[in-house]
Amino acid sequence: MPWSPRSSRSTPSRRALLSAGAALGLGGLLTACGSDDGEPSKSTGKGWSFKDDRGKVAKTDGVPKNIVAFISTAAALYDYGVECTGVFGPSEPVDGKPNPQAGDLDVSKLTSLGESWGQFNVEKYATLRPDVLISNMFPPPALWFVPEESSKKIAALAPTIGINGARASLLEPLERYTELAAALGGDLRSAKARAAKSRFQKAEHTLRKAAKANGGLKVLAMTGDADQMYVAVPDSYCDLNYFKDLGVEFVEGKKSDEWGFWEFLSWENADKYHADLIMVDNRSSALSPEDLAKKPTWTKLPAVKAGQTVPWSMEERYSYAGYAPVLERLADAVTKSRKLKR
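Counting restarts for each chain: residues are numbered from 1 in the order of the written sequence. Under the rules for a predicted model, residues below a pLDDT of 70 receive no local features and side-chain atom pairs below 80 are neither given nor counted, while totals for whole chains, interfaces and linings still include all residues. The side-chain quantities take in all heavy atoms of the structure and omit both hydrogens and water.

Draft legend 1. Representation of the packing of aromatic side chains within the structure. When two rings of Phe, Tyr or Trp (its six-membered ring) have centres within 6.5 Å they constitute a pair, described as stacked for plane angles under 30 degrees, edge-to-face for angles over 60, and tilted for the intermediate range. Within this structure, the stated rule accounts for 20 aromatic pairs. For the ring pair Tyr 230 and Phe 264, a centre distance of 5.1 Å and an interplane angle of 80° mean the geometry is edge-to-face. Here the residue Tyr 230 occupies a position in strand β10 (residues 228-232), and Phe 264 occupies one in strand β12 (residues 262-266), the gap between them amounting to 34 residues. Three exposure classes are used, based on accessible area relative to the maximum for each residue type with a 1.4 Å probe and protein chains only: buried under 20%, partly exposed in between, and exposed over 50%. The exposure class assigned to Tyr 230 is buried, which follows from its relative accessible area of 0%. Taken together, Phe 70, Phe 88, Trp 117, Phe 120, Tyr 125, Phe 138, Trp 144 and Phe 145 form an aromatic cluster joined through their ring pairs. The way it works is that DSSP assigns letters per residue, a run of H or I at least four long becomes a helix, a run of E at least two long becomes a strand, and they are numbered from the N terminus.

The following block contains the structure:
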């Protein structure tokens, strides 16, 4: 899974098998998985179906009500009025503040199946009697945060739906989630949904204008762990890809592995690229700004010394409500940043 450096270099310990024998013994909970053919999303007296970005069709007897989803997927659906029962992935508050991947969700009301990579409690999932499981893909066909070792057992319990978030424009998953939310009974024409899209479109214009006004500003997107700094390959990320379309000029990291999402740099080589503005991964799994400040080579980077950094919501929920503030924040950072000496 290339979205996180940890997962792209995962070891068996990070993908430890979960014991699911008891869950799979609950024969009454087993349902049919999605097929590879059929029509796009629909809900009729004959049942409900939705064709995902793997080309698979998830089918249920009626509109799914008991939904389990990756945390930012659940947050995106919630913005359209679709509520989930269970979630997986990082959802716990960070330093007393809501997890950035949880959006407007009240996670205290949701059943968590696991916070970290490889932690997916299959037995607990089975007891939720899920109608459908939904997650992102980076890239297809693997479902994000669904352990490969348990994927068949998980898929046997309910149909699964995957939405692609890699090597495409951000506009694509945004549109796909509106389609999925509508199919699940969400209201795309609510005052909240309309206001969010309008705010997104305004922010889009603002970022395009800011990028043009500060042409030549070099932006680098990164994450880090104790051993390495990871420079993003912009075209592999749908948000960075889209920001490029709006005129933002990115440092182009060169892929270091088969997935092609990152260039791995030792901290000694953190200054390989010049950047005027740095986007810093804001996930709870990444090094925090406080931890980054302990890396001498990080603190010596011109953009860091100039205070020209901005959080990178690299797993933001795919909704207009989620991304409007992201665009606004980046536009503000681009506007305020100045070109630095190399």
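Past the structure itself, the notes keep going.
Draft legend 2. Structural view of the packing of helix α7 (residues 191-213) against helix α12 (residues 320-336). Fitted lines through C-alpha atoms give the axes, limited to the stretch in contact for helices. The angle between two N-to-C directions lies from 0 to 180 degrees. One way to put it is that α7 packs onto α12 with a least axis distance of 8 Å and a crossing angle of 20°. On the basis of their axis angle, the class for α7 and α12 is roughly parallel. You can see that α7 and α12 cross each other, and the crossing is left-handed. Residues Ala 196, Lys 197, Arg 199, Phe 200, Ala 203, Glu 204, Thr 206, Leu 207, Ala 210 and Ala 211 of α7 touch α12, and the partners they reach there are Tyr 320, Ala 321, Tyr 323, Ala 324, Pro 325, Leu 327, Glu 328, Leu 330, Ala 331, Val 334 and Thr 335. In the contact of α7 with α12, the residues fall into 15 nonpolar, two polar and four charged. In these notes the angle categories are as follows: under 35 degrees is roughly parallel, over 145 is roughly antiparallel, 65 to 115 is roughly perpendicular, and the rest is oblique. In a left-handed crossing the near helix is turned counterclockwise from the far helix by less than a right angle, and in a right-handed crossing that turn is clockwise. By definition, residues are in contact when any of their heavy atoms lie within 4.5 Å. Residue polarity follows a fixed list, in which Ala, Val, Leu, Ile, Met, Phe, Trp, Tyr, Cys and Pro are nonpolar, Asp, Glu, Lys and Arg are charged, and the others, Gly among them, are polar.

Draft legend 3. Examining helix α8 (residues 238-245) more closely. A large share of α8 lies buried, amounting to six of its eight residues. Along α8, the positions that sit buried rather than exposed are Cys 238, Asp 239, Leu 240, Asn 241, Tyr 242 and Phe 243. Just downstream of α8, Gly 247 is the residue with a positive phi angle, here 110°.

Draft legend 4. Spatial organisation of α7. With 23 residues, α7 ought to run about 33 Å at 1.5 Å a step, and its terminal C-alpha atoms sit 33 Å apart, in line with that. Within the span of α7, buried status applies to Ala 193, Ala 196, Phe 200, Ala 203, Glu 204, Leu 207, Ala 210 and Ala 211. Looking at the buried positions of α7, the neighbouring elements they touch are α6 (171-183), α8 and α12. One less than the number of residues in a helix, times 1.5 Å, gives the span that helix is expected to have.

Draft legend 5. Representation of empty space enclosed by the protein. Using protein atoms alone on a 1 Å grid, points that fit a 1.4 Å probe yet trap it form a cavity, whereas open point sets bounded by protein on both sides within 12 Å along at least five of seven lines form a pocket; residues with an atom within 4 Å of a point count as lining. Grid points are joined across faces, edges and corners, and a volume is the space filled by probe spheres set on the points. Scanning all chains against the criterion turns up five cavities of 30 Å³ or more. Approximately 60 Å³ is the volume found for the largest cavity. Surrounding the largest cavity, Ala 211, Asn 214, Gly 215, Gly 216, Leu 217, Val 219, Gly 247, Val 248, Glu 249 and Val 334 form its lining. In terms of residue class, the lining of the largest cavity is made up of five nonpolar, four polar and one charged.

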